[in-house]
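# Report on the structure
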Amino acid sequence: MDFLIYIAPLFLAYILDLILGDPRWLPHPIRLFGNLISFGEKKLNKNKNRFLKGALLTLLLSIGTFLFFFITRKFITNNIARIIFDVIFLFYALANKSLIEEGKAVFTELKKGITQGRNRVAWIVGRDTSKLNKQEIIKAVFETLSENLSDGVIAPLFYFAILGVPGAMLYKMVNTLDSMIGYKNERYINFGKFAAKLDDVLNYIPSRLTAILMLLVTFSLDKIIFVWQQGKNHSSPNAGYPEAALATILNCRFGGPNYYHGKLVDKPFIGNNNRIIKESEFKKVAFINHTVTLTFVLLIGLITYFLF
């Protein structure tokens, strides 16, 4: 029964995400996380000791999230109720279908015109999109799909495998903190530094695991040295690895200079072949994301089976 309590939520949450994605009408705990972060940031991000205040907010929200879900599960003594609880919140922690749907939406808008494509890709990337050409829009979508396969799917599954739903939600809180206050601008450079570093630490293994899984499902494990070399060509210590994996799978080139908040940032390239990437290749990228997710879910299930 212990095995069923653990494994059932994994597969049911995966199936729910595959079917539902992230409906905008559905209440979502990440919105609550965002509200808590916003409230804390407005109260604390001022005057002196901003780094310490940001670190305190990050630790309080992260540890508080873990303890809330850990203690709540302890109070749920009925096995069926505990499975339902875990299914719901692991489903909330996953974002594979919504990630792919957002990417698809960019291409739908891009067919209407370059302006529509620029406006839509701005929903999913942090760079300035007002001057992107068609090729840059396609690259931005593919980079985001690979990077967020790690952040939005493999990482929460990884922490679920280790610490259950409390671990998955702890990760989601840290990742949300990083996405909201982990910027290197005047407002957040000190206040959000601890959150950004903590997110880097938590994503260290999942990002590299994502890259390995991407190579595995495309029978490209012979390119692992290339990925390890090219994965360093990114300002993030983690995001470059899944991007490098996708670059070598597609035999293309990502990265390079981009505008952020009106300033040109000279970022290194990831990959060597500066070829034209076609819109139709989105199907292959989406297939990789789906296959990697399913493979990792099955792998967690298999390991759990042998452990139990």
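Residues numbered from 1 in each chain as written. Predicted model: local features only at pLDDT ≥ 70, side-chain atom pairs only at ≥ 80, totals over all residues. Heavy atoms only, no water.

### Digging into the overall build of the chain
Put simply, the rule is: Secondary structure follows DSSP: runs of H or I at least 4 residues long count as helices, runs of E at least 2 residues long count as strands, and numbering of each begins at the N terminus. For this measure, only C-alpha atoms enter the radius of gyration; the expected value for a globule follows 2.2 Å times N^0.38, where N is the number of residues. Summary of the burial criterion: residues with accessible area below 20% of their type's maximum are buried, those above 50% are exposed, and those between are partly exposed, where the area comes from a 1.4 Å probe applied to protein chains only. Charge convention: Lys and Arg are scored as positive, Asp and Glu as negative, and His as well as the terminal groups of each chain are ignored. To locate a charge, take atom NZ for lysine, CZ for arginine, CG for aspartate or CD for glutamate.
For the chain, the helix and strand inventory stands at eleven helices and four strands. Relative to the globule expectation of 19 Å for 308 residues, the C-alpha radius of gyration of the chain, 20 Å, shows essentially globular dimensions. Each principal axis of the C-alpha distribution contributes one length, and for the chain these read about 55 × 50 × 40 Å. The buried share among the 308 residues of the chain stands at 51%. One way to put it: in the chain the 36 positive side-chain charges average out to a point 3 Å from where the 22 negative ones average out.

### Regarding the side chain of threonine 304
Which entries qualify depends on this criterion: Pairing of N or O atoms within 3.5 Å defines a polar contact, subject to two protein rules: one partner must be a possible hydrogen donor and the other a possible acceptor, and residues neighboring in sequence count only if both atoms are side-chain atoms. For this analysis, residues touch if any pair of their heavy atoms sits within 4.5 Å.
With respect to the helices, strands and loops of the structure, threonine 304 is situated in helix H11 (residues 282–307). Of the polar contacts made by the side chain of threonine 304, one reaches the backbone oxygen of isoleucine 300; its length is 2.6 Å. Not counting the four nearest positions on each side in its chain, threonine 304 is found in contact with Phe3, Tyr6 and Ile7.

### A few points about the pattern of salt bridges
Inclusion rule: Any carboxyl oxygen of Asp or Glu that lies within 4 Å of a side-chain nitrogen of Lys or Arg is treated as forming a salt bridge with it.
For the structure on display, the rule yields eight salt bridges. With a closest N to O distance of 3.7 Å, glutamate 101 and lysine 104 form a salt bridge. Of this pair, glutamate 101 and lysine 104 both sit in helix H5 (residues 96–110), three residues apart, roughly one helical turn. Residue classification places glutamate 101 among the partly exposed residues on the basis of a relative accessible area of 36%. Put simply, arginine 127 and glutamate 143 hold a salt bridge, and the shortest N to O gap is 2.7 Å. Here arginine 127 is found in the loop between helix H6 (114–121) and helix H7 (134–181), whereas its partner glutamate 143 is found in helix H7, with 16 residues between them in sequence.

### Some remarks on a nonpolar patch on the surface
Defined as follows: A patch is a set of surface residues, each over 30% in relative accessible area and not in a salt bridge, joined within 9 Å for like charges and within 5 Å for the nonpolar side chains Val, Leu, Ile, Met, Phe, Trp and Tyr. All accessibility values rest on the Shrake-Rupley procedure with a 1.4 Å probe; residue burial counts only the protein chains present in the view.
A surface patch of nonpolar side chains, about 580 Å² in accessible area, is lined by Leu59, Ile63, Leu67, Phe70, Ile71 and Phe75. Among the secondary structure elements, leucine 59 is positioned in helix H3 (residues 50–75). Take leucine 59: its relative accessible area is 38%, and that puts it in the partly exposed class.

### What about the packing of aromatic side chains?
Here is the rule: Stacked, tilted and edge-to-face are the three classes assigned to paired rings of Phe, Tyr and Trp, where Trp is represented by its six-membered ring and a pair needs centres within 6.5 Å; plane angles under 30 degrees give stacked, over 60 edge-to-face, the rest tilted.
All chains considered together, the criterion is met by 16 aromatic pairs. Ring plane angle 15 degrees and centroid distance 5.9 Å describe the contact between phenylalanine 66 and phenylalanine 70, whose orientation is recorded as stacked. One end of the pair is phenylalanine 66 and the other is phenylalanine 70, both in helix H3 and four residues apart, which spans about a single turn. We classify phenylalanine 66 as partly exposed; its relative accessible area is 21%.

### So, empty space enclosed by the protein
Rules: Put simply, the grid is 1 Å and covers the protein atoms alone, a cavity is a trapped set of points that fit a 1.4 Å probe, a pocket is an open set with protein on both sides within 12 Å along at least five of seven lines, and lining residues have an atom within 4 Å of a point. Grid points are joined across faces, edges and corners, and a volume is the space filled by probe spheres set on the points. Note on residue categories: nonpolar means Ala, Val, Leu, Ile, Met, Phe, Trp, Tyr, Cys or Pro, charged means Asp, Glu, Lys or Arg, and polar means any other residue, Gly included.
All chains considered together, the criterion is met by one cavity of 30 Å³ or more. Empty space within the largest cavity amounts to approximately 30 Å³. Every residue along the wall of the largest cavity is listed here: Gly21, Asp22, Leu26, His28, Phe91, Tyr92 and Leu94. Residue classes in the lining of the largest cavity are distributed as four nonpolar, two polar and one charged.

### Regarding the packing of H7 against H11
The line we're drawing: The axes are straight lines fitted to the C-alpha atoms, using for helices just the contacting stretch, and the angles between their N-to-C directions are given from 0 to 180°. Working rule for angles: under 35 degrees goes down as roughly parallel, over 145 as roughly antiparallel, 65 to 115 as roughly perpendicular, anything else as oblique.
With their axes 11 Å apart at the nearest point, H7 and H11 run at an angle of 10 degrees to one another. Judged on the interaxial angle alone, H11 and H7 are roughly parallel. Where H7 approaches H11, its residues Phe142, Leu145, Leu149, Val153, Ile154, Leu157, Phe158 and Ala161 are matched on the opposing element by Phe282, Val285, Asn289, Val292, Thr293, Phe296, Val297 and Ile300. Residue classes in the contact of H7 with H11 are distributed as 14 nonpolar, two polar and no charged.

### As for the side chain of asparagine 203
Note that asparagine 203 resides in helix H8 (residues 193–217). A distance of 2.9 Å separates the side chain of asparagine 203 from the side chain of tyrosine 171, its partner in a polar contact. Residue contacts for asparagine 203: discarding those within four places in its chain leaves Ser150, Asp151, Ala155, Tyr171, Asn175 and Asn238.

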